[in-house]
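Here is how the chains run, residue by residue.
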Amino acid sequence: MTELDSSIPRFHLAMPVDDLTAARHFYGEVLGLEQGRGADTWVDWNLHGHQFVTHLAPTRAQHVHNPVDGHDVPVPHFGLILAIPAFQELAERLRAVDTKFVIEPYVRFAGEPGEQWTMFLLDPAGNALEFKAFADDSQVFAT
């Protein structure tokens with residue numbers, strides 16, 4: 001089964017960026033996403049079967065941070081829940097290009113409900129991204 005055949009609904013998310021050239025480099029080359037349609041002011045990306053769109057928007061709102069597990073988590077943020085091998089592969093890919101992490105890859109809530117690998121980084125426009133992985137998918141919504 002492919003991502004497009006999944007019974008899980010796919011999301012569509014549009015995010016503001018202040019430089020489409022930088023967005024094309026980051027999302028296309030650094031993260032390795034397939035580029036879809038686009039125009040002078042926007043680009044579609046295949047984010048593991050989800051439709052992610054970068055829209056040119058030169059003005060930005062301030063970011064907020066909330067404390068989670070001893071770290072300042074940027075809000076808003078978005079990302080994907082990956083399998084652990086894919087998470088580790090992405091972390092290495094990001095390290096190989098000297099990515100400055102907001103929160104370095106680590107295990108959050110170790111030994112507790114919801115234990116997960118997580119990492120946070122910013123795209124060139126300052127959008128916060130979180131990628132995470134669970135050893136046990138039943139823990140995604142654990143309390």
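Here, every reference points to the structure presented above.
So, here's what we can say about the structure. (Residues numbered from 1 in each chain as written. Predicted model: local features only at pLDDT ≥ 70, side-chain atom pairs only at ≥ 80, totals over all residues. Heavy atoms only, no water.)

Focus: the nonpolar core
For the record, the criterion: For this analysis, a nonpolar core means a set of buried residues of the types Ala, Val, Leu, Ile, Met, Phe, Trp, Tyr and Cys, connected via side-chain atoms within 4.5 Å. Each residue gets one of three labels from its accessible area relative to the maximum for its type: buried under 20%, exposed over 50%, partly exposed in between, using a 1.4 Å probe on protein chains only. Helical segments are the DSSP runs of H or I of at least four residues, strand segments are the runs of E of at least two, and each set is numbered from the N terminus. In what follows, residue pairs with any heavy atoms lying within 4.5 Å of each other are defined as contacts.
In terms of nonpolar packing, the biggest core is built from 27 residues, with Tyr27, Leu31, Leu94, Met119, Leu129 and Phe131 touching the most fellow members. Mapped by element, the contributors of at least two residues to this core are β1 (12-17), α1 (20-30), β3 (42-47), β7 (77-82), α2 (84-96), β9 (116-122) and β10 (128-133). Residue contributions to this core peak at five residues, all from α1. Here leucine 31 is in contact with Phe26, Leu90, Arg93, Leu94, Leu129 and Phe131, once residues within four sequence places are set aside.

Quick notes on the side chain of glutamate 130
Short version of the rule: A 3.5 Å cut-off defines polar contacts: any pair of N or O atoms within that distance qualifies, except that in protein one atom must be a possible hydrogen donor and the other a possible acceptor, and neighbouring residues in sequence count only when both atoms are side-chain atoms.
Within the secondary structure, glutamate 130 sits in strand β10. Look at glutamate 130 and you get buried, because its relative accessible area is 7%. Within polar-contact distance, the side chain of glutamate 130 engages the side chain of histidine 77 at 3.2 Å. At a separation of 2.7 Å, a polar atom in the side chain of glutamate 130 contacts the side chain of threonine 118. Non-local contacts of glutamate 130, meaning those with residues more than four positions away in its chain, are made with His77, Phe78, Gly79, Leu80, Arg108, Gln116, Thr118, Met119 and Phe120.

A closer look at the sheet that holds strand β8 (residues 101-108)
Selection rule: Here, strands pair whenever DSSP counts at least two bridges between them. Axis definition: a line fitted to C-alpha atoms, limited for helices to the stretch in contact. Angles are taken between N-to-C directions and run from 0 to 180 degrees.
Across the sheet, four strands lie side by side as β7-β10-β9-β8; this open sheet has mixed pairing. Pairing within the sheet leaves two strands with one partner each, and these edge strands are β7 and β8. Averaged over all pairs of adjacent strands, the angle between their axes in this sheet comes to 15 degrees, without regard to strand direction. As defined by bridge partners, β9 adjoins β10 across six bridges and the pair is classed as antiparallel. In the sheet register, threonine 118 faces β10, and the bridge partner there is lysine 132. Contacting β7, β8, β9 and β10, α2 runs over the sheet at an angle of about 30 degrees to β9.

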